[in-house]
Amino acid sequence: MRHDSPTFSPLYRQIKNLMLNALESGEWRPGQAIPSEQELAIRFSVSQGTVRKAIDEMAAENLLVRKQGKGTYVASHNDPRALFRFLRLVPMDGDLAHPQSVPLDCWKAKAGNEAARMLGIELGAPVTILRRLLRFAGKPVVVDEIYLPGEIFQGLTMEVLQGSHGSLYSLFESRFGVRMIRAEERIRAVAADRMTSETLNVAEGTPLLSVERVTYTYGDRPVEWRRGLYLTADHYYLNELN
């Protein structure tokens, strides 16, 4: 039995960091059960109460999911509830049916100044850029332009995107081993340009919501920069403040 004993306080935070290391290293994969509190207490040479406090905090941060009577599992983008953690656009009628993701384009490029800064990579480093459309009830509502570090997302092609039937984040997790943990967004109002108006089937100049996002994986490492344009004629952006 391996013992990874922490040396600094507060103790539960050190246990949390050791558990984060297990997630980041792939020891515990998305959707898999983690060891029981008793097993973790033995492994880390601490009380079950300390382990429980660490798990509680990780569950609150959507890193782990407690399942009544089954145990604790690594959170996964394959969980239907995970979609609306990162997609905050809600139909006015309250119907939370999953949108259809339609890939429009995918190509390789070299990172310019802004992409390099947002993704924390070198200027000129390889990036993969994709454009995709989100349809709600068959209607085009969101068009995204997404920049990804090329080294991490090698093998991402238009064919891969077209063959995927889940969310983009589910694809990134299952195929490339990248789990999105948190995101920062900047939102402002803009007018639709010609290209966007044609994609969303609206008049040029139509008011849109611009949502620029940087998404981070374990270790607070940026792994996605996206610029989305949202049509809000029949939708609103929902943000819960706690």
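Reading guide: rules and limits
Residues numbered from 1 in each chain as written. Predicted model: local features only at pLDDT ≥ 70, side-chain atom pairs only at ≥ 80, totals over all residues. Heavy atoms only, no water. Helix = DSSP H or I, 4+ residues; strand = E, 2+ residues; numbered from the N terminus. Expected span 1.5 Å × (residues − 1). Buried < 20%, exposed > 50% of the residue type's maximum accessible area, 1.4 Å probe, protein only. Arc of directions from axis to C-beta. Contact = heavy atoms within 4.5 Å. Phe/Tyr/Trp six-rings, centres within 6.5 Å; stacked < 30°, edge-to-face > 60°. Patch = residues over 30% accessible without salt bridge, like charges linked within 9 Å, V, L, I, M, F, W, Y side chains within 5 Å. Areas by Shrake-Rupley, 256 points an atom, 1.4 Å probe, with all protein chains shown as cover. Salt bridge = Lys/Arg side-chain N within 4 Å of Asp/Glu carboxyl O. Domains from an automatic or database assignment. Polar contact = N/O pair within 3.5 Å; in protein donor to acceptor, adjacent residues only side chain to side chain. Nonpolar A, V, L, I, M, F, W, Y, C, P; charged D, E, K, R; others polar.

The name an unreviewed UniProt entry gives the protein chain is GntR family transcriptional regulator, with Zoogloea oryzae as the organism.

Enquirer: Even after reading the chapter, I still don't get helix α3 (residues 48–60), so can you show me in this structure?
Expert: Compared with an ideal rise of 1.5 Å per residue, which puts 13 residues at 18 Å, α3 spans 18 Å between its outermost C-alpha atoms and is within 8% of the ideal. For α3, every residue scored as buried is listed here: Thr-50, Val-51, Ala-54, Ile-55, Glu-57 and Met-58. Angularly, the buried residues of α3 cover 160° about the axis, an arc narrow enough to put them on a single face. Residues of α3 that are buried sit in contact with α1 (11–25), α2 (37–44), β1 (64–67) and β2 (71–74). After α3 finishes, the residue Asn-62 shows a positive phi value of roughly 65°.

Enquirer: What is the right way to read the packing of aromatic side chains from this model?
Expert: Between two aromatic rings, the relevant description is the distance of the centres plus the angle of the planes. For the structure on display, the rule yields 5 aromatic pairs. Relative to Phe-172, the ring of Phe-153 has its centre 4.9 Å away and its plane inclined at 65°; by these criteria the two rings are edge-to-face. Here Phe-153, found in the loop between β6 (139–149) and α6 (158–163), pairs with Phe-172, found in helix α7 (residues 168–176); they are 19 residues apart in sequence, far enough to count as distant. Comparing Phe-153 with Phe-172 shows no difference in burial state: the two are buried.

Enquirer: Just checking my understanding: could you explain a nonpolar patch on the surface for this structure?
Expert: Residues Met-92, Tyr-236 and Leu-238 make up a contiguous nonpolar surface patch of about 270 Å² in total accessible area. Within the secondary structure layout, Tyr-236 lies in strand β10 (residues 235–237).

Enquirer: What is the right way to look at the side chain of Ser-210 in this model?
Expert: In this structure, Ser-210 sits in strand β8 (residues 207–217). Not counting the four nearest positions on each side in its chain, Ser-210 is found in contact with Arg-186, Ile-187, Arg-188, Val-190, Gly-228 and Leu-229.

Enquirer: Got a minute to help me understand α2 in this structure?
Expert: The α-helix advances 3.6 residues per turn, and as a result positions three or four apart in sequence lie on the same side. Burial in α2 covers these residues: Glu-37, Leu-40, Ala-41, Arg-43 and Phe-44. Along the long axis of α2, the arc covered by the buried residues comes to 165°, so they all point the same way. Those residues of α2 that are buried lie in contact with α1, α3 and β1. In the segment just after α2, Ser-45 is the residue with positive phi, at about 60°.

Enquirer: Just checking my understanding: could you explain the domain arrangement of the protein chain for this structure?
Expert: The figure often quoted for interface size is the accessible area lost as the parts come together. Taken domain by domain, the protein chain holds domain 1 (11–74) and domain 2 (80–237). When each unit is reduced to the centre of its C-alpha atoms, the spacing between domain 1 and domain 2 is 30 Å. Applying the counting rule to domain 1 against domain 2 returns 0 salt bridges. Scanning the region where domain 1 abuts domain 2 turns up 1 residue pair in polar contact (both at pLDDT 80 or more). Its residues assigned to classes, the side of domain 1 that touches domain 2 comprises 5 nonpolar, 1 polar and 1 charged.

Enquirer: I keep staring at the environment of Leu-200 and nothing clicks. Help me out?
Expert: By secondary structure assignment, the location of Leu-200 is in helix α8 (residues 194–200). What makes Leu-200 buried here is its relative accessible area of 2%. Setting aside anything within four residues of it in sequence, one finds Leu-200 in contact with Leu-133, Pro-140, Val-141, Val-142, Val-143, Leu-208, Leu-229 and Leu-231.

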